[in-house]
Amino acid sequence: MQKLKGLGVSHGISIGKAVLKEIHPMTIPERRIEKECILRELERLDSAIEKVVSDIDHLIDEYAFSDVDREILHSHKLILQDPELRKNVSRILDENMVGLENAVHRHFSYAIDLFEKMDNAYYAERVSDYREVANRLLGHMMGYEDDILSKLHNDSILVLEEIPVSLLTKVSKKGIAGVVAEIGSRTSHSSIVARALGIPAVVGVENLLKSVSNDQELILDGYAGEVILSPSQQNITLYKHMIEQERYRSEQLLKLVDLPAKTKDGVRINLRCNIELPDELAHVKRINADGIGLFRTEFIYIGDMELPSENEQFEQYKMIAEALKPNPVIIRTVDIGGDKLHASINLRHEENPNLGCRGIRLSLRNPEMFHAQLKAILRASHYGNIKVMFPMVSSLDELLRAKQHMNECMNELRKNEIPFDEEIKLGVMIEVPSAAMISDTLAQHCDFFSIGTNDLIQYTLAVDRTSENVTDYYNPYHPAIMHLITLIVQNARKYNLPVSVCGEMASDRDFVPILLGLGITELSVNPGSLLIIKEFISKIDSSILVDLVLDILDQITSKNVQKTIVRWRDKYGIKV
């Protein structure tokens, strides 16, 4: 028996036989062409694009089960239909006199290399999308066919290097048990589709294809991100029992979909979702969330050759606002380092972008970009309940300057008689210690706070949360974190300012009682955690939470904070 570790991107447990989709690297022909052949090569490109687009349309019509996979497949069509594809291939043909396959390969290699250099988990799906589209287009031109579908059965666990969305959409009809890959991320489109289709999935498993053989029995654990090879009978029995428990648990959680989130004594809690991509919208609606507490807009800015236009952004924001109306959608303005953006931003390389020109700093430094986003958000606010939130605010000056830009955008829209919500709410994301310390002042100049606990912990404790070297120092139980959150809530309460929490603490059952005890009634969590947190909240009597908070604030070590939480749960019989 051997256990391989990866990243669980779609929850669930499955037991089945491995079906390997082996790597068949395409050998791109190195043929040369003459000048007069370029037109003929471009005609071949047009024909190939037309055929692959037609294949994708067939996938959408015959195999796509949900809005999620339909939208993602549609995005693949857009990559193929982008005029830049033909334009760049034509230029490569003209400059290098190589064959069409070589030119297409160079075009996609450049785009993929660009995305990979960004080194950001949010945008890993762009790499996989472009790689999948490139493989489909080149595969068609070179006559490559894949017969993997004929090898799959109900108990198959598909094992491959990377999960193509188009293949996942097809194999879902086969009722496969799960999928595991060497490459992938939580935010990749294939991971999103796997979650939407309920297919257990683990990605990022090193040396997977070298370790697994066809028909080998596997246990796939999408919760722990593990794959067990050739498990013992004892392990099989154990995991079968877990599968039965999981099925029962899912049935129980689904009963909560149409119920409001309330504590045991009837206190209503607004449970909203954090999303990174519009593709997650279908899941948000399916679990009946109270809206979106954090819509990260960075995906719009990454990967294209130029900054997104106002209209491009408007269409995205409008779609989400209309879909969730009348529930709120809190849109966070772009929060990313300038080194990840278009060259027109013209920022020097930063050794530590987390402490550099990111978030509101970047927006204020680039007013044209900032105005395009603000006007798009304002225009979309006419179609739903939109609020706007500024990230990484560290001073009152930044907030006032951001509001000034907002007023300028409003005046421009009024001048052009473009409708928007004149009463749109403006919020600040509290994630920098300086913002927490002056939250009393900030509260007088905005409409709501949202506490981003992930960065608040990182910056308060001087810990890079992505560094394995200091993992032990990233400690949400640190008394300083407890006191900062308390300070933020107390200052907001002076001005009747709503406060939500949108970091990982909102999804952690150790911290939810503390947050509720502080008087927070709005939590924004990942879609996969919402029903679990809703169930947990229903077990809590809010009347006992004030004493818990007072006890927590008396503790001077992280260990004692943890012990206090455990002691409180044991005392009131609350299980997690």
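Residues numbered from 1 in each chain as written. Predicted model: local features only at pLDDT ≥ 70, side-chain atom pairs only at ≥ 80, totals over all residues. Heavy atoms only, no water.

A. Examining the sheet that holds strand β11 (residues 328-332) more closely. Pairing within the closed barrel is parallel, and its eight strands lie in the order β9-β10-β11-β12-β13-β14-β15-β16. Shown here is a sheet whose adjacent strand axes are inclined to one another by a mean of 25 degrees, direction ignored. Here β11 pairs with strand β12 (residues 385-390) via five bridges, running parallel. Bridged to Ile-330 within β12 is Lys-387. Helix-sheet contacts for helix α13 (residues 367-380) involve β11 and β12, and the interaxial angle to β12 is about 155 degrees. (Pairing = 2+ DSSP bridges. Helix = DSSP H or I, 4+ residues; strand = E, 2+ residues; numbered from the N terminus. Axes fitted to C-alpha atoms, helices over the stretch in contact; angles between N-to-C directions. Contact = heavy atoms within 4.5 Å.)

B. Highlighting the packing of α13 against helix α14 (residues 396-415). Orientation of α13 relative to α14, taken along the N-to-C sense of each, is 60 degrees, at an axis distance of 9 Å. Judged on the interaxial angle alone, α14 and α13 are oblique. α13 and α14 meet at a crossing whose hand is right-handed. Along the contact surface, α13 presents Pro-367, Phe-370, His-371, Leu-374, Lys-375, Leu-378 and Arg-379, while α14 presents Ala-402, His-405, Met-406, Glu-408, Cys-409, Met-410, Glu-412 and Leu-413. Considering only residue class, the contact of α13 with α14 consists of nine nonpolar, two polar and four charged. (Parallel < 35°, antiparallel > 145°, perpendicular 65-115°, else oblique. Left-handed = near helix turned anticlockwise from the far one by under 90°. Nonpolar A, V, L, I, M, F, W, Y, C, P; charged D, E, K, R; others polar.)

C. Main features of the side chain of Lys-387. Tracing the chain through its elements places Lys-387 in strand β12. Buried and unpaired, Lys-387 has no salt bridge, with Glu-522 as the nearest side chain of opposite charge at 5.7 Å. Setting aside residues up to four positions removed in sequence, Lys-387 forms contacts with Pro-328, Val-329, Ile-330, Ile-331, Ile-424, Lys-425 and Phe-448. (Buried < 20%, exposed > 50% of the residue type's maximum accessible area, 1.4 Å probe, protein only. Lys, Arg positive; Asp, Glu negative; His and termini not counted. Salt bridge = Lys/Arg side-chain N within 4 Å of Asp/Glu carboxyl O.)

D. Region of interest: the sheet that holds strand β2 (residues 7-10). An order of β1-β8-β7-β3-β4-β5-β6-β2 is seen for the eight strands of this open sheet, with the pairing classed as mixed. Whereas interior strands pair on both sides, the edge strands pair on one side only; in this sheet they are β1 (2-5) and β2. Along the sheet, successive strands turn relative to each other by an average axial angle of 30 degrees, direction set aside. Bridge count between strand β4 (residues 156-160) and strand β5 (residues 178-181): four bridges; the pairing is parallel. Residue Leu-158 lies in a different strand from β5, and its bridge partner there is Val-179. Of the strands in this sheet, β3 (13-21), β7 (217-221) and β8 (226-229) touch helix α9 (residues 233-254), which is tilted by about 115 degrees from β3.

E. The pattern of salt bridges, seen in detail. Evaluated as defined, the whole model comprises 29 salt bridges. Its salt-bridge partner being Asp-335, residue Arg-358 comes within 2.8 Å of it at the nearest N-O pair. Linking Arg-358 in the loop between β11 and α12 (360-365) with Asp-335 in the loop between β11 and α12, this pair joins segments that are 23 residues apart in sequence. Residues joined by salt bridges that share partners form a network here, namely Glu-298, Arg-332, Asp-335, Arg-358 and Asp-455.

F. Layout of the pairing of strand β10 (residues 292-296). Across the five residues of β10, five count as buried, placing the element largely inside the fold. As judged from the three bridges shared by β10 and β11, these two strands associate in the parallel manner. The residue of β11 that forms the bridge with Ile-292 is Val-329.

G. How the structure looks around unusual backbone geometry. The peptide bond linking Lys-325 to Pro-326 adopts the cis configuration, its omega dihedral lying at 5 degrees. Note that Pro-326 resides in the loop between α11 (310-324) and β11. At Asn-288, a residue that is not glycine, the phi angle is positive and equals roughly 60 degrees. Within the secondary structure, Asn-288 sits in the loop between α10 (281-286) and β10.

H. Up close: helix α3 (residues 83-96). Spanning 14 residues, α3 covers 20 Å between terminal C-alpha atoms, matching the ideal 20 Å at 1.5 Å per step. Inspection of α3 places Leu-85, Asn-88, Val-89, Ile-92 and Leu-93 among the buried residues, and these make up the whole buried set. End-on view of α3: buried residues confined to an arc of 140 degrees, all on one side of the axis. Pointing more than 90 degrees away from the buried face of α3 are the exposed residues Pro-83, Lys-87 and Glu-95. Count one or two residues on from α3 and you reach Met-97, which has phi positive near 55 degrees. (Expected span 1.5 Å × (residues − 1). Arc of directions from axis to C-beta.)

I. Layout of the environment of Gln-490. As for its position among the elements, Gln-490 is in helix α18 (residues 479-494). Residues Gln-490 and Ile-112 lie 378 residues apart in sequence; the distance between their C-alpha atoms is 47 Å.

J. Focus on the packing of helix α1 (residues 38-62) against α3. Put simply, α1 and α3 touch, their axes get as near as 10 Å, and they point 150 degrees apart. One element, α1, and the other, α3, form an angle in the roughly antiparallel class. For the crossing formed where α1 meets α3, the hand is right-handed. Between α1, through Ile-38, Glu-41, Leu-42, Leu-45, Asp-46 and Ile-49, and α3, the contact on the second element is made entirely by Leu-85, Arg-86, Val-89, Ser-90, Leu-93 and Asp-94. A class-by-class count of the residues in the contact of α1 with α3 yields seven nonpolar, one polar and four charged.

K. Here's a closer look at the side chain of Gln-555. Examined against the element boundaries, Gln-555 turns out to sit in the loop between α21 (545-553) and α22 (558-572). Looking at Gln-555, its side chain comes within polar contact range of the main-chain oxygen of Asp-551, at 2.9 Å. If we skip the residues at most four places from it in the chain, Gln-555 touches Pro-479, Asn-560, Val-561 and Thr-564. (Polar contact = N/O pair within 3.5 Å; in protein donor to acceptor, adjacent residues only side chain to side chain.)

L. Representation of the packing of aromatic side chains within the structure. Within this structure, the stated rule accounts for six aromatic pairs. Of note, Lys-318 hangs over the ring of Tyr-383, and the distance from its end group to the ring centre comes to 4.6 Å. The ring of Phe-314 has Arg-379 sitting right over it, with the charged end atom 4.1 Å from the ring centre. (Phe/Tyr/Trp six-rings, centres within 6.5 Å; stacked < 30°, edge-to-face > 60°. Lys NZ or Arg CZ within 6 Å of the ring centre and 35° of its normal.)

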